[in-house]
Amino acid sequence: MMAQRVGFVGLGNMGEPMARNIARKGFALTIHDADADRAARIAQDIGANAAENLTALGEASDIVVTMLPTGEIVRAVALEQGLADGLAAGSLVIDMSSSVPMTTVELGKALAERGIALVDAPVSGGVPRAQAGTLAIMAGASDAGHLERARPVLEAMGDKIFPTGPLGTGHAMKALNNYSAAAGFAAASEALILGERFGLDPKTAIEIMNVSTGRNFSTEMTIPSEVIAGRFGSGFALALLAKDVGIAAKLAQELGADLPLVAQTDRWWNDALQASEGGADHTTAYSHWKTRASLQKQ
């Protein structure tokens, strides 16, 4: 399996360290990014090749990993911008982006018509775990053989790989996980905002929550280091989290599920996104909600 040639598309905050870890494991790696200069610099640094275009990357690869902002971009890269044209029949694409599950299923069908397999394998863990190669990976595949073929590449980037079921279930799980995290952040934020309005010190409140039943990932990790410390720089963009919550809300609609909390959480985060500046960290939503609360009648 180590003889397989690997391509990597998308060298952003997550994609770059993921590609670096693939190179460290000894795979013959070809990379591509919309920023060609960035791709060339990274390729030189990690001993990879930088492809001039997506067709050339496909021609140089047996397995291609995509780490892009949306599933629509993944589809465009694969079907409209030349990646699939360069891939031979029998190739494998691993989409590690946060994509809409139904879009993934549709892309899988389109690629299958060309003899190309697709695995959806989104990640959790953020930039620090991407750098350490310890991401949690949720992997959906319509054929177990496709996942086993992908596994050595996935193991270069993560230490926990969870088979989730058929194609699209990995992306569904990613959206549901991030929805749960977003709801927890929003609930804890509201608790701190209300407490401060009543005279509680947010630092004291979060310390109490973290030894009580109200604790969650955000209360233990993100809120103390980013919100209370005033950094607002977790590395996970507000736009990306709002997108993932929106995928979960859309999934509920498509399945006809009457689940009001996911719909409300989607509205919370969209409201914060609309009020934000481009590139804002997701933790800045706290400031937006706090401002809104202060504008209400005291």
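For clarity, every value in this text was computed on a predicted model and none was experimentally measured.

Quick question: what am I supposed to make of the environment of Ala-34 here?
Residue position: Ala-34 is located in the loop between strand 2 (28-32) and helix 2 (36-46). When the C-alpha positions of Ala-34 and Leu-11 are compared, they lie 8.6 Å apart, and in sequence the two are 23 residues distant.

Before we go on, may I ask you to explain the packing of helix 9 (residues 169-198) against helix 14 (residues 285-295) in this structure?
Any two packed helices are characterised by how steeply their axes cross, that is the angle between the axes, and by the distance between the axes. Close contact between helix 9 and helix 14 brings their axes to 10 Å; oriented N to C, the two are set at 40 degrees. Classified by the angle between their axes, helix 9 and helix 14 sit oblique to one another. At the point where helix 9 passes helix 14, the crossing takes the right-handed sense. On helix 14, the residues that touch Phe-185, Ala-186, Ser-189, Leu-192, Ile-193, Glu-196 and Arg-197 of helix 9 are Tyr-286, Trp-289, Lys-290, Ala-293 and Ser-294. Residue classes in the contact of helix 9 with helix 14 are distributed as seven nonpolar, two polar and three charged.

Explain the nonpolar core to me, please; I cannot follow it from the model alone.
For soluble globular proteins, the rule of thumb is that nonpolar side chains tend to be buried together. Counting 38 residues, the largest nonpolar core has Phe-8, Met-18, Ile-22, Leu-29, Ile-94, Met-96 and Leu-154 as its most contacted members. Core analysis: the second largest hydrophobic core is formed by 21 residues, Ala-182, Ile-206, Ile-223 and Leu-241 among them.

Just to check I follow, could you spell out the pairing of strand 2 for this structure?
The side chains of a regular strand alternate, residue by residue, between the two faces of the sheet. In terms of burial, strand 2 is a largely internal element, four of the five residues being buried. Regarding topology, helix 1 (residues 15-24) serves as the crossover connection from strand 1 (residues 5-9) to the parallel strand 2, and that connection is right-handed. Sheet topology note: the strand 2/strand 3 (residues 49-50) ladder contains two bridges and is parallel. Directly across from Ile-31, in strand 3, lies its bridge partner Ala-50. For the handedness criterion, the β-α-β arrangement of strand 2, helix 2 and strand 3 is classed as right-handed.

I would appreciate a short explanation of the side chain of Thr-66 in the present structure.
Along the chain, Thr-66 falls in strand 4 (residues 63-66). At a separation of 2.9 Å, a polar atom in the side chain of Thr-66 contacts the side chain of Asp-95. Each residue touching Thr-66, except ones within four places of it in the same chain, is listed here: Val-9, Val-74, Ile-94, Asp-95, Met-96 and Ser-97.

How do you make sense of the packing of helix 1 against helix 2 when you look at a structure like this?
Relative orientation of the contacting elements helix 1 and helix 2 amounts to 30 degrees, with a least axis distance of 10 Å. One way to sum up the angle between helix 1 and helix 2 is to call them roughly parallel. The two elements helix 1 and helix 2 meet at a crossing, and its hand is right-handed. Facing Glu-16, Ala-19, Arg-20 and Ala-23 of helix 1, the residues of helix 2 in contact are Arg-38, Ile-42, Asp-45 and Ile-46.

Definitions and cut-offs
- Residues numbered from 1 in each chain as written.
- Predicted model: local features only at pLDDT ≥ 70, side-chain atom pairs only at ≥ 80, totals over all residues.
- Heavy atoms only, no water.
- Helix = DSSP H or I, 4+ residues; strand = E, 2+ residues; numbered from the N terminus.
- Axes fitted to C-alpha atoms, helices over the stretch in contact; angles between N-to-C directions.
- Parallel < 35°, antiparallel > 145°, perpendicular 65-115°, else oblique.
- Left-handed = near helix turned anticlockwise from the far one by under 90°.
- Contact = heavy atoms within 4.5 Å.
- Nonpolar A, V, L, I, M, F, W, Y, C, P; charged D, E, K, R; others polar.
- Core = buried A, V, L, I, M, F, W, Y, C linked by side-chain atoms within 4.5 Å.
- Buried < 20%, exposed > 50% of the residue type's maximum accessible area, 1.4 Å probe, protein only.
- Right-handed = clockwise from strand over helix to strand, strands pointing away.
- Pairing = 2+ DSSP bridges.
- Polar contact = N/O pair within 3.5 Å; in protein donor to acceptor, adjacent residues only side chain to side chain.

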